[in-house]
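Each chain, letter by letter, is given below.
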Amino acid sequence: MLQAQKRPVHLYMEANPNPNSLKFVANFMLADEGVSYDYPNLESTSNSPLAKELFNFAAVERVFIASNFVTVTKTESVEWPEIQDFIRNHIKSYLEDGKAPVNAILEKDPLFDEADSESVKKIKGILDEYIRPAVEQDGGAIVFHSFQDGVVKVLLQGSCSGCPSSTITLKAGIENLLTRMLPEVKSVEAEGV
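As the structure is a prediction and not an experimental result, all values here were calculated from the model.

Here we look at unusual backbone geometry
The phi angle at Ser 67 is positive, at roughly 45°, despite the residue not being glycine. Its identity is not glycine, yet Asp 149 carries a phi of approximately 50°, on the positive side. Counting through the fold element by element, Asp 149 comes out in the loop between β6 (140-148) and β7 (151-158).

Structure below.
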């Protein structure tokens, strides 16, 4: 009798600037390019069976899925060496079974909206081209929220949410770049942090 072949999954772990987050990187894409899914609690996991399962681990505080990785944020009361192998093995087994980490269908491009002003289009373009790749490398995401009176507001997700160095990244990196490239931008703030 033939057995179904499991998908070959290679999963490695990467530390990032947030000591409570760990990035689990797969050898294939888990989400569409430029699209991310942030799950701050169990109630928010309706479209992600993987995130829902990860919240079964008492130490899991947040799950973030983007590109080819899953970032898990743990509670302060536990150290990574105590739980990282359990979480890694669970993600690996889940993916080997060929299950989708996220069940979502995009109706439209999440980045660009024809109704956006020229300034907002430029801001989103800079965030996507220059900032998103660097933030994803650290296991997180930055999402445009709004632009009004010279102030750009962004959402920080994944390992960036609650990271001690996110304020420095926001002001020294993102604000510097946007104010230099677009004179209409005066400052950048994180929304909901």
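Further notes follow.
Some remarks on helix α3 (residues 118-137)
Taking 1.5 Å per residue, 20 residues should reach 28 Å; α3 reaches 28 Å between its end C-alpha atoms and fits that length. Within α3, the axis deviates most sharply at Ile 131, by approximately 50°, and proline Pro 133 lies no more than four positions further along. Those residues of α3 lying buried are Val 120, Ile 123, Lys 124, Ile 126, Leu 127, Ile 131, Arg 132, Val 135 and Glu 136. One or two positions beyond α3, positive phi appears at Gly 139, with a value near 85°.

Points about the packing of aromatic side chains
Inspection of the entire model under this criterion finds two aromatic pairs. Aromatic side chains Phe 24 and Trp 80 sit 6.5 Å apart centroid to centroid with 65° between the ring planes, which places their arrangement in the edge-to-face category. Of this pair, Phe 24 sits in strand β2 (residues 21-26) while Trp 80 sits in helix α2 (residues 80-96), and the two are 56 residues apart along the sequence. Arranged with centres 6.1 Å apart and planes meeting at 40°, the rings of Phe 64 and Phe 69 form a pair that is tilted. For Phe 69, a relative accessible area of 1% corresponds to the buried category. Over the ring of Phe 69 we find Lys 23; its NZ or CZ atom is 4.6 Å from the centre of that ring.

Cut-offs and rules
- Residues numbered from 1 in each chain as written.
- Predicted model: local features only at pLDDT ≥ 70, side-chain atom pairs only at ≥ 80, totals over all residues.
- Heavy atoms only, no water.
- Helix = DSSP H or I, 4+ residues; strand = E, 2+ residues; numbered from the N terminus.
- Expected span 1.5 Å × (residues − 1).
- Bend = angle between axes of the 7 residues up to and from the residue.
- Buried < 20%, exposed > 50% of the residue type's maximum accessible area, 1.4 Å probe, protein only.
- Phe/Tyr/Trp six-rings, centres within 6.5 Å; stacked < 30°, edge-to-face > 60°.
- Lys NZ or Arg CZ within 6 Å of the ring centre and 35° of its normal.

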